[in-house]
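# Structural features, examined
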Amino acid sequence: MLRWFLLMMVRRAFFVLLLICLGCSAQSPPPPSASAPPSDINRAIEREVRVHYSLPPDVKVILGPLRSSEFASYDALTVTFASPNKKQDFEFLLSRDHKTLVRLTKLDLTTDPYAAIMTKIDVSGRPTRGNKDAKVTVVNYDDFECPFCSRMHQTLFPGLFKEYGDRVLFIYKDYPLEEIHPWAVHAAVNANCLGAQQGDAYWDYADYLHGNQQAISREKGRDGQNAELDKLATLQAQKHNLDVAKLQACVKAQDEKAVRASMHEGESVGVDATPTMFVSGRKLDGAVPADEVRLALDQALKDAGVAPPEHKPTAAEGKTPPAAPSK
């Protein structure tokens, strides 16, 4: 009897202990998920990056899902900064104890970063100046109404263009800052209409606009400025014996798709102001002096196995604005 009683007590004690363990297990918090960080961590991350990067209130901070990373004890996290005009993604590492956020910049040493940039820039169909077989290509993101672009344009043409001869190919892409330059998009569309028929007509139009921006800006209102741009495009078409009716139809249509695509492409390679120039992938921001452009050109030529030209003291490039085309 005593033996039976003791056996029952042991069984009851085991059952109670089992219930206690199950209860503790049920009440324990689940391990952190790799796809859904707690909301308080999200708030902490957003506050930290806002302060660190001095983000204005109109920029949204969007956190992507956590995912596994190649670094022990860290998960990967994409943080998107979304302004009214564009989005930028940044890669971070979040420690699994949620105490440390690390900005991740991974550099691939097996690829040429300059070549990688140039592969992102579509130059098909663009008017060119220089030797199409040149081993060094200059791509300049340009705004026809931008005064700094005008300065850069007159540094490149005719001075550096003549100095480097057939060693370099020059190409312009569109990046009009329409928020501050009201006629820049219209000018880019008109230039592309000319370029679709002949490269020389495009470059003559570009030369004139960059040398005579004030002549356009002083026209009354947006309509007056656009009308002047259209008239100048027609005069260039006549000067170069183009199909004037086709040119005028293109100008009237004002199809901005190609310009918008160029602007989006520019953002993808780090353009956020004009002028921004890439010398076979080497980025030059702003209207840099001619000597700085020479340094980039010479280094690109050397990397390509081409001897740079001998540099001699020259007069300032582009002092005299080109004259308007005449009928």
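As shown above, the structure is provided for reference.
Parameters and conventions
- Counting starts from 1 at the beginning of each chain's written sequence and moves along it residue by residue.
- Local features are withheld for residues below a pLDDT of 70 in this predicted model, meaning they are given only at 70 or higher, and side-chain atom pairs are given and counted only at 80 or more; totals for whole chains, interfaces and linings count all residues.
- Each side-chain value is worked out from all heavy atoms of the structure, with water and hydrogens disregarded.
- Numbered from the N terminus, helices here are DSSP runs of H or I no shorter than four residues, and strands are runs of E no shorter than two.
- Think of it in three bands: with a 1.4 Å probe and only protein chains considered, a residue is buried below 20% of the maximum accessible area for its type, exposed above 50%, and partly exposed in between.
- Should any heavy atoms of two residues lie within 4.5 Å, those residues are considered in contact.
- Accessible areas in this description were obtained via Shrake-Rupley with a 1.4 Å probe; residue shielding takes into account the shown protein chains only.
- Any two strands with at least two DSSP bridges between them are considered paired.
- Centres within 6.5 Å make a pair out of two Phe, Tyr or Trp rings, where for Trp the six-membered ring is used; the pair is then stacked when the planes are under 30 degrees apart, edge-to-face when over 60, and tilted otherwise.
- Nonpolar core, defined: a set of buried Ala, Val, Leu, Ile, Met, Phe, Trp, Tyr and Cys residues in which side-chain atoms within 4.5 Å join the residues together.
- Disulfides are defined as pairs of cysteine sulfur atoms found within 2.5 Å of each other.
- In this analysis an axis means a line fitted to C-alpha atoms, helices contributing only their contacting stretch, and an angle means the value between N-to-C directions, from 0 to 180 degrees.
- Note that the term roughly parallel is reserved for angles under 35 degrees, roughly antiparallel for angles over 145, roughly perpendicular for angles of 65 to 115, and oblique for everything else.
- Throughout this entry, Asp, Glu, Lys and Arg are counted as charged residues, while Ala, Val, Leu, Ile, Met, Phe, Trp, Tyr, Cys and Pro are counted as nonpolar. The remaining residues, Gly among them, count as polar.

### Considering the overall build of the chain
Counting its regular elements, the chain contains 11 helices and 10 strands. Taking all 327 residues of the chain together, the buried fraction comes to 40%. Excluding contacts between residues fewer than 6 apart, the proportion of contacts in the chain whose partners are at least 24 apart in sequence is 65%. On the chain, roughly 19,200 Å² of surface is accessible, and the fraction owed to carbon and sulfur atoms is 56%.

### Quick look at the pairing of strand E3 (residues 74–82)
Most of E3 sits inside the fold, with eight of its nine residues counted as buried. As judged from the four bridges shared by strand E1 (residues 60–63) and E3, these two strands associate in the antiparallel manner. Residue pairing for E3: Ile62 is matched across the bridge by Thr80. Here strand E2 (residues 67–68) runs beside E3; their pairing, made up of two bridges, is antiparallel. Note on E3: the bridge partner recorded for Arg67 is Ala76. Joining the antiparallel neighbours E2 and E3 is a turn of five residues, in which Ser73 adopts a positive phi near 70°.

### Description of the packing of aromatic side chains
Per the counting criterion, the structure on display carries 11 aromatic pairs. Relative to Trp203, the ring of Tyr172 lies with its centre 5.0 Å away and its plane at 70°, an arrangement referred to as edge-to-face. With Tyr172 in strand E8 (residues 168–174) and Trp203 in helix H6 (residues 199–211), this residue pair connects regions lying 31 residues apart in the sequence. Across this residue pair, the class does not change: Tyr172 and Trp203 are buried. Ring-pair connections join several aromatic residues into one group, and the members of that group are Phe157, Phe161, Phe170, Tyr172, Tyr202 and Trp203.

### What about the nonpolar core?
Ranked by internal contacts, the top residues of the largest apolar core, which has 54 residues, are Phe144, Leu156, Leu209 and Val293. Grouped together as the second largest cluster of nonpolar side chains are 13 residues, Ile45, Val61, Leu66 and Leu77 included.

### Topic: the state of the cysteines
For the structure shown, the criterion picks out one disulfide. Disulfide pairing is shown between Cys193 and Cys250; the S-S distance is 2.0 Å. Here the disulfide of Cys193 and Cys250 is left-handed, its torsion about the S-S bond being about -80°. Of this pair, Cys193 sits in helix H5 (residues 184–197) while Cys250 sits in helix H9 (residues 244–253), and the two are 57 residues apart along the sequence. Classification of Cys250 by relative accessible area gives partly exposed; the value is 33%. For Cys146, which is in no disulfide, the shortest distance to another cysteine sulfur is to Cys149 and amounts to 3.1 Å. Looking at Cys146, the relative accessible area reads 2%, which means it is buried.

### Brief notes about the packing of H5 against H6
For any two helices packed against each other, the geometry comes down to the angle between their axes and how far apart the axes lie. Interaxial distance between H5 and H6 falls to 7 Å at its minimum, and their mutual angle equals 150°. Relative to H6, the element H5 is oriented roughly antiparallel. Of the residues in H6, those in contact with Ala187, Asn190, Ala191, Asn192, Leu194 and Gly195 of H5 are Gly199, Ala201, Tyr202, Tyr205 and Leu209. When grouped by side-chain class, the residues that make up the contact of H5 with H6 number seven nonpolar, four polar and no charged.

### Side note on unusual backbone geometry
Residues other than glycine predominantly adopt negative phi, and peptide bonds predominantly adopt the trans conformation. Cis geometry marks the peptide bond from Phe157 to Pro158, where omega comes out at 5°. Along the chain, the position of Pro158 falls in helix H4 (residues 147–164). The amide bond that connects Thr274 to the next residue, Pro275, takes the cis arrangement and shows omega of -5°. Within the chain, His98 stands out as a residue other than glycine whose phi angle is a positive 60°.

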